[in-house]
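As a plain string of letters, each chain reads:
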Amino acid sequence: LGGLGRWDAEHFLFIAERGYLLEHNCAFLPLFPLGLRLLAALLPCPVPLQPRGRLLLAAALLNALLAVLAAAALLALGRAVLRRPGQAFLAALLFSLSPAGVFMAAAYSESAFAALAFGAMWQLEKGRGWLSGLLFALAAGARANGLVNAGFVLYSSVRRFVLQLQGTAAALRELPVLGKRALSLVASAALACAGISLPFALFQYYAYVRFCEPGAALAQSVPEALLQLARDKGYRVAGVGVDKPPWCSQRFPLVYSYIQDAYWNVGFLRYFELRQIPNFLLALPVTLLCSWAACTYVSANPWHCLTLGLVRSKGEERGKARDGFCGPAVFVYVVHSTALLAFGFFCMHVQVLTRFLGSSSPILYWFSAHLLLEHEPLLWSTGTDNPASGKPPLGKSHSSCGKGTSDNPVVRLLLNWRSITPLSKSILGFFLGYWLLGLVLHCNFLPWT
């Protein structure tokens with residue numbers, strides 16, 4: 001299990017064991033470490049383990065469960081949005097082979113965030129606003145980019161209101177009613193955003209009290225070796241020293257933004273250096289896929305994108321809206337994925353894009369499933385989710401290599417690797433290659449995404 005505790009996992013394990021003792025630990029939000037600490041305390045261990053060993057075991061078990069829940073939530077979300085069960089199933093299978101797979105298993109918060117975010121999106125599609133808001137809020141307590149998910153709630157509210165206006169005849173006497181609806185919309189949207197942001201805001205306040213208040217003291221004794229390490233590395237220890245951190249004096253004292261800037265040099269175009277070219281190449285596959293997804297969607301739905309999806313198409317009015325990846329319901333997810341891609345590419349350490357997008361957006365998996373079902377003849381034999389290109393299903397058949405079909409489309413493609421298209425090989429090669437390389441490199445403390 002030691003390989004699952006490398007790189008940023010060290011921070012999560014340290015927080016779970018000792019709390020937010022060091023200032024730079026505050027870049028890692030508390031939901032996942034709290035879950036680790038609770039599960040480690042409850043685990044029955046027939047063999048005595050050191051605290052770190054118990055935490056590693058808890059991380060492996062917890063993330064295994066959360067990854068399964070994330071796949072199930074993605075499957076349910078795909079069925080609701082894509083309205084093609086086969087495509088949704090293939091996307092969930094691809095998530096199980098995610099190129100960010102090692103981070104779903106290691107002591108990282110990716111699995112927790114994916115399970116909460118995909119679950120919240122699904123509940124929102126089902127019309128369960130309060131439950132989706134709660135899950136989105138918990139996701140914002142796991143990763144800071146969970147704050148962006150408030151956009152889903154805002155868009156859903158605005159679209160519902162605009163479509164209601166389109167369905168009613170405009171009349172002067174209805175203006176007061178419409179005004180009340182608009183005020184209700186603004187109030188509910190503001191409340192939803194505040195609720196989703198609350199865990200993040202509370203944590204920023206906790207960090208301020210812990211590192212900025214003069215009366216803050218250590219709740220536990222700190223080994224001298226750890227204090228010496230902090231002094232050698234220049235780490236700030238809570239309750240040690242008299243000088244306040246610089247961020248405490250800012251108008252909005254956000255420790256998260258300060259740490260990203262001061263400790264990791266995260267900022268606009270800061271990673272655009274010649275020596276970072278290998279990291280840009282590492283992020284190239286996910287960048288190309290998500291960019292291709294956005295271009296495909298816009299080219300298939302130019303008017304829908306131009307009107308921000310706020311105007312019903314003729315197909316929607318007749319109750320025959322387009323399904324699949326290019327359906328109208330996918331619009332907000334494409335916008336979300338593209339916004340994360342642009343922010344990650346220009347403002348973050350670009351090599352983390354694979355796990356950043358792989359745990360935050362369903363588009364990576366939906367679009368890959370769309371490409372496979374559109375362009376891989378071997379998958380047309382399923383008889384379901386016929387490709388939009390109009391090619392007929394082939395019925396039950398066997399591949400040219402003589403190997404029978406499988407109910408699992410990914411297994412079928414792997415069993416008939418020589419006969420599948422180059423595009424299918426590229427997609428599966430990316431997913432499986434990054435999954436395997438990540439497992440080997442990350443667990444051996446070698447650089448990875």
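The name given to the chain in an unreviewed UniProt entry is GPI mannosyltransferase 2, and the organism recorded there is Emberiza fucata. Listed under Function (unreviewed entry) in UniProt, the entry text for the chain is "Mannosyltransferase involved in glycosylphosphatidylinositol-anchor biosynthesis." Quoted straight from UniProt, the Pathway (unreviewed entry) entry for the chain says "Glycolipid biosynthesis; glycosylphosphatidylinositol-anchor biosynthesis."

Student: If you had to explain the overall build of the chain to someone new, which residues and values would you point to?
Tutor: A tally of regular secondary structure across the chain gives 20 helices and 0 strands. Taking all 449 residues of the chain together, the buried fraction comes to 48%. Within the chain, contacts between residues at least 6 apart in sequence are counted, and of these 70% link residues at least 24 apart. Looking at the chain as shown, the accessible area adds up to about 21700 Å², and 66% of this sits on carbon and sulfur atoms.

Student: Break down the side chain of H11 for me, citing the residues and quoting the values.
Tutor: Residue position: H11 is located in helix α1 (residues 9–18). Here N25 takes part through its side chain, which lies 3.3 Å from a polar atom of the side chain of H11. With sequence-adjacent residues up to four places away left out, H11 is seen in contact with H24, N25, F28 and W264.

Student: Can you lay out the packing of aromatic side chains for me, pointing to particular residues and giving the numbers?
Tutor: Any aromatic ring pair is given by two values, namely how distant the centres are and how the planes are angled relative to each other. In total, this model carries 30 aromatic pairs according to the counting rule given. With a centroid separation of 5.9 Å and an interplanar angle of 75°, the aromatic rings of F200 and Y256 are classed as edge-to-face. Here F200 is found in helix α9 (residues 175–212), whereas its partner Y256 is found in helix α11 (residues 255–262), with 56 residues between them in sequence. Measuring from centroid to centroid gives 5.5 Å for W292 and F367, while their planes differ by 75°, and the two rings are edge-to-face. One end of the pair, W292, is in helix α13 (residues 284–300); the other, F367, is in helix α18 (residues 363–375), with 75 residues separating them in the sequence. Residue classification places W292 among the partly exposed positions, given a relative accessible area of 40%. One Lys or Arg, R355, reaches over the ring of F103 and ends 4.9 Å from the middle of that ring.

Student: Could you give an account of the nonpolar core, naming the residues involved and the relevant values?
Tutor: Among the nonpolar cores identified, the biggest contains 119 residues, and L36, L94, F95, F325, V330, Y333 and W366 are the most heavily contacted of them. If you tally residues by element for this core, the top one is helix α3 (residues 51–82), at 13 residues. If we skip the residues at most four places from it in the chain, F325 touches L82, Q87, A293, Y297, V330, V334, I363, W366, F367 and H370. Membership of the second largest hydrophobic core comes to 8 residues, among which are F14, L226, L227 and V237.

Student: Give me the state of the cysteines: which residues, what numbers.
Tutor: Counting across every chain of the model gives 1 disulfide. Each sulfur of the disulfide joining C212 and C248 lies 1.7 Å from the other. Looking along the S-S bond of the C212-C248 disulfide, the torsion reads about -75°, which is the left-handed sense. Separated by 36 residues along the polypeptide, C212 in helix α9 and C248 in the loop between α10 (224–233) and α11 bring together distant segments of the chain. As far as burial versus exposure is concerned, C212 and C248 are alike and both buried.

Student: How would you sum up a nonpolar patch on the surface? Please name residues and give values.
Tutor: Together, L274, I277, L281, L284 and L288 make up an exposed nonpolar region whose accessible area comes to about 520 Å². Mapped by element, the contributors of at least two residues to the nonpolar patch are α12 (277–282) and α13. Within the fold, I277 resides in helix α12. I277 sits in the partly exposed class, given a relative accessible area of 41%.

Student: Explain the pattern of salt bridges to me, using residue names and the numbers behind them.
Tutor: Side chains bearing opposite charge may pair, as long as their charged atoms lie close to each other. Counted under the stated rule, the structure contains 9 salt bridges. Put simply, R52 and E10 hold a salt bridge, and the shortest N to O gap is 3.3 Å. Taken together, the residues span a long stretch of sequence, with R52 in helix α3 and E10 in helix α1 at a distance of 42 residues. The shortest N-O distance in the salt bridge between R275 and E273 comes to 3.0 Å. On the accessibility criterion, E273 (32% relative accessible area) is partly exposed.

Student: Could you give an account of the UniProt feature "transmembrane region" (unreviewed entry) in the chain, with specific residues and numbers?
Tutor: Residues annotated by UniProt as "transmembrane region" (unreviewed entry) correspond here to residues 27–49, 55–77, 89–109, 129–155, 182–206, 280–303, 324–346 and 427–448. Regarding residues 129–155, the helix share stands at 67% and the strand share at 0%, and the terminal C-alpha atoms are separated by 12 Å.

Student: Break down the environment of T338 for me, citing the residues and quoting the values.
Tutor: With respect to the element layout, T338 can be found in helix α16 (residues 331–347). Once the C-alpha coordinates of T338 and L357 are considered, the two residues, 19 residues apart in sequence, prove to be 9.6 Å apart. For T338, the side chain forms a polar contact with the main-chain oxygen of V334, separated by 2.7 Å.

Student: Got a sec to walk through helix α2 (residues 31–42)? Specific residues and values, please.
Tutor: Structurally, the α-helix is built with 3.6 residues per turn, so residues lying three or four positions apart point the same way. Here α2 contains 12 residues, and its C-alpha end-to-end distance of 17 Å stays within 8% of the 16 Å for a straight helix at 1.5 Å per residue. Residues F32, P33, L36 and A40 constitute the buried set of α2. The buried side chains of α2 occupy one side of the element, clustering within an arc of 100° when seen end-on. With respect to the buried face of α2, the exposed residues turned more than 90 degrees away are L34, L38, A41 and L42. In this structure, the buried side of α2 is in contact with α1, α3 and α6 (110–125).

Student: Explain unusual backbone geometry to me, using residue names and the numbers behind them.
Tutor: A positive phi angle, close to 55°, is found at W7, a residue other than glycine. Note on placement: W7 falls in the segment before α1. With a phi close to 60°, L308 is a non-glycine residue in the positive phi region. For L308, the location among the structural elements is in the loop between α14 (302–306) and α15 (314–317). Since its relative accessible area comes to 48%, L308 is described here as partly exposed.

Student: Let's hear about α13: which residues, and what values?
Tutor: Taking 1.5 Å per residue as the helical rise, α13 with its 17 residues ought to reach 24 Å, and the 24 Å between its terminal C-alpha atoms agrees with that figure. Within α13, the full set of buried residues consists of V286, T287, L289, C290, A293, A294, T296 and Y297. Check the buried side of α13 and you find it contacts α14, α16, α17 (353–358), α18 and α20 (422–443).

How each quantity is defined
Residues numbered from 1 in each chain as written. Predicted model: local features only at pLDDT ≥ 70, side-chain atom pairs only at ≥ 80, totals over all residues. Heavy atoms only, no water. UniProt positions renumbered as here; feature names shortened; annotations may be inferred. Helix = DSSP H or I, 4+ residues; strand = E, 2+ residues; numbered from the N terminus. Buried < 20%, exposed > 50% of the residue type's maximum accessible area, 1.4 Å probe, protein only. Contact = heavy atoms within 4.5 Å. Areas by Shrake-Rupley, 256 points an atom, 1.4 Å probe, with all protein chains shown as cover. Polar contact = N/O pair within 3.5 Å; in protein donor to acceptor, adjacent residues only side chain to side chain. Phe/Tyr/Trp six-rings, centres within 6.5 Å; stacked < 30°, edge-to-face > 60°. Lys NZ or Arg CZ within 6 Å of the ring centre and 35° of its normal. Core = buried A, V, L, I, M, F, W, Y, C linked by side-chain atoms within 4.5 Å. Disulfide = S-S within 2.5 Å. Patch = residues over 30% accessible without salt bridge, like charges linked within 9 Å, V, L, I, M, F, W, Y side chains within 5 Å. Salt bridge = Lys/Arg side-chain N within 4 Å of Asp/Glu carboxyl O. Expected span 1.5 Å × (residues − 1). Arc of directions from axis to C-beta.

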